[in-house]
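Coordinate inspection notes
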Amino acid sequence: MRHIFEPGTDANAPTLLLLHGTGGTERDLLGLGRMISPASPLLSVRGNVLENGMPRFFRRLAEGVFDIEDLIARTEELNRFLDEAAAQHGFDRGNVVAVGYSNGANIAGSLLFHHANSLRGAILHHPMVPRRGVEIPSLNGVPVFIGAGTNDPICTRSESDELISLLEAAGAAITAHWEQAGHQLTRTEAQAAAEWFQASFGAGVGR
Ligand code: MLT
């Protein structure tokens, strides 16, 4: 997959997997990644699907209606790519934390829903429920930050609550951050994510 890899300065810091929103590119979240974890390696990936020229991580049939078959196949492709990228760039495959916005948050959520141990944690900015009616692999203690907007027309309050319940039922340790805003990723939400990351994975935490 087309991507940018920037090495980090702390060998123990998680690699951040950066996943853009619809119409974005692998350049979009580099600044956010550096803000969240200045010492981390950054792996920023471009979605392989084009919707009217706009990159995405999987196909959709309509706004908010996912092509589940494609979602499953693209999630598997991304998971395989992580194995390959870890070998190519020399980062620890077991120490990857996803940071996704919108469509990127949805494929990150789909990794958690479909592939055990695919992520050590995740920051999901404005995610939806990627899939319903499936058994989610154990996420025992996996830290997940969810940023949501009380007026987000794409990820409604009830959908955000449903996602939180599903992930919690699988054992994930959820921190939900609500903004009085819509679907946009605000500076205060990004700052809250950075603080959460430092508290969850900063020097001396975890490993
Ligand atoms: C999606 O299709 O993943 C969501 O609707 C978010 C977006 O608009 O990309």
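Residues numbered from 1 in each chain as written. Predicted model: local features only at pLDDT ≥ 70, side-chain atom pairs only at ≥ 80, totals over all residues. Heavy atoms only, no water.

1. Topic: the overall build of the chain
Quick note on the threshold: Secondary structure counts use DSSP, requiring at least four H or I residues in a row for a helix and at least two E residues in a row for a strand, with both numbered from the N terminus. Within these notes, the globule rule equals 2.2 Å times the number of residues to the 0.38 power, and the radius of gyration is based on C-alpha atoms. Note on contacts: a residue pair is in contact if any heavy atoms of the two residues lie within 4.5 Å. What sets the accessible areas is the Shrake-Rupley method with a 1.4 Å probe; for residues, cover comes only from the shown protein chains. As used throughout, the charge tally considers Lys and Arg to be positive and Asp and Glu to be negative, leaving His and the chain termini uncounted. Where a charge lies is defined by one atom per residue type, namely NZ (Lys), CZ (Arg), CG (Asp) and CD (Glu).
A count of helices and strands for the chain gives five helices and 11 strands. Computed over its C-alpha atoms, the radius of gyration of the chain comes to 15 Å, within 12% of the 17 Å expected for a compact globule of 207 residues. Referenced to the eigenvectors of the C-alpha coordinate spread, the extents of the chain come out at roughly 40 × 30 × 30 Å. Restricting the contact set of the chain to residue pairs at least 6 apart, pairs at least 24 apart contribute 70%. As presented, the chain carries roughly 8800 Å² of accessible surface, and 48% of it is formed by carbon and sulfur atoms. Computing the positive centroid from 16 side-chain charges and the negative centroid from 23, the chain places the two 4 Å apart.

2. Structural notes on the site of the ligand
This is how it is decided: To be near a molecule or strand, a residue needs just one of its heavy atoms within 4 Å of it. Polar contacts here mean pairs of N or O atoms no more than 3.5 Å apart (in protein, one a potential hydrogen donor and the other a potential acceptor; neighbouring residues in sequence count only if both atoms are side-chain atoms). Under this grouping Gly is polar, as are all residues other than the nonpolar Ala, Val, Leu, Ile, Met, Phe, Trp, Tyr, Cys and Pro and the charged Asp, Glu, Lys and Arg.
Contacts to the ligand come from Thr22, Arg56, Phe58, Arg60, Glu63, Gly64, Phe66, Ser102, Asn103, Asn106, Met128 and Ile154. One nitrogen or oxygen atom from the side chain of Asn103 is found 2.9 Å from an oxygen atom belonging to the ligand. For the ligand, the protein covers 95% of the area, taking 260 Å² as the surface of the free molecule. Looking at side-chain class alone, the shell around the ligand contains four nonpolar, five polar and three charged residues.

3. Brief notes about the environment of Pro143
In this structure, Pro143 sits in strand β10 (residues 143–149). Sequence separation between Pro143 and Ala173 is 30 residues; the distance between their C-alpha atoms is 4.7 Å. Setting aside anything within four residues of it in sequence, one finds Pro143 in contact with Arg120, Gly121, Ala122, Ala173, Trp196 and Phe201.

4. Description of unusual backbone geometry
Its identity is not glycine, yet Asn117 carries a phi of approximately 60°, on the positive side. Among the structural elements, Asn117 can be located in the loop between α3 (103–114) and β9 (121–125). Residue His126 is not a glycine yet carries a positive backbone phi of 60°. Positionally, His126 belongs in the loop between β9 and β10.

5. So, the sheet that holds β9
This is how it is decided: Two strands make a pair as long as DSSP finds a minimum of two bridges between them. Each axis is a line fitted through C-alpha atoms, and for a helix only the stretch in contact is used; angles between axes span 0 to 180 degrees, taken between their N-to-C directions.
Here seven strands make up an open sheet; going across it, the order is β1-β3-β2-β8-β9-β10-β11 and the pairing mixed. Both edges of this open sheet fall to β1 (3–6) and β11 (173–179), since each of them pairs with a single strand only. Averaged over all adjacent pairs, the angle separating strand axes in this sheet is 15°, with direction ignored. Taken together, the four bridges between β1 and strand β3 (residues 42–45) define a ladder with antiparallel strand orientation. Across the sheet, Phe5 pairs through a bridge with Leu43, a residue of β3. Running over the sheet, helix α5 (residues 187–201) touches β2 (15–19), β8 (96–101), β9, β10 and β11 and is turned about 170° from β10.

6. Looking at the nonpolar core
Filter applied, for reference: Definition used in this section: a nonpolar core is a set of buried Ala, Val, Leu, Ile, Met, Phe, Trp, Tyr and Cys residues joined via side-chain atoms within 4.5 Å. Exposure is judged per residue with a 1.4 Å probe applied to protein chains only, and the accessible area is read against the type maximum: over 50% gives exposed, under 20% gives buried, and values in between give partly exposed.
Core analysis: the biggest nonpolar cluster contains 39 residues, and Leu17, Leu19, Val144 and Leu167 have the highest contact counts within it. Where this core is concerned, the elements lending two or more residues are β2, β3, α2 (68–89), β8, α3, β9, β10 and α4 (157–169). Discounting chain neighbours no more than four positions away, the residues touching Leu17 are Leu43, Val45, Leu82, Val96, Val97, Ala98, Val99, Leu111 and Leu119. With 19 residues, the next largest nonpolar core counts Leu18, Leu32, Leu42 and Val97 among its residues.

7. Topic: the UniProt feature "domain: Dienelactone hydrolase" (unreviewed entry) in the chain
Spelled out, the test is: UniProt positions are given in the numbering used here, feature names are shortened, and annotations may be inferred rather than shown by experiment.
Mapped onto this numbering, the UniProt entry gives "domain: Dienelactone hydrolase" (unreviewed entry) at residues 82–191. From the first C-alpha to the last, residues 82–191 spans 26 Å; its make-up is 35% helix and 23% strand.

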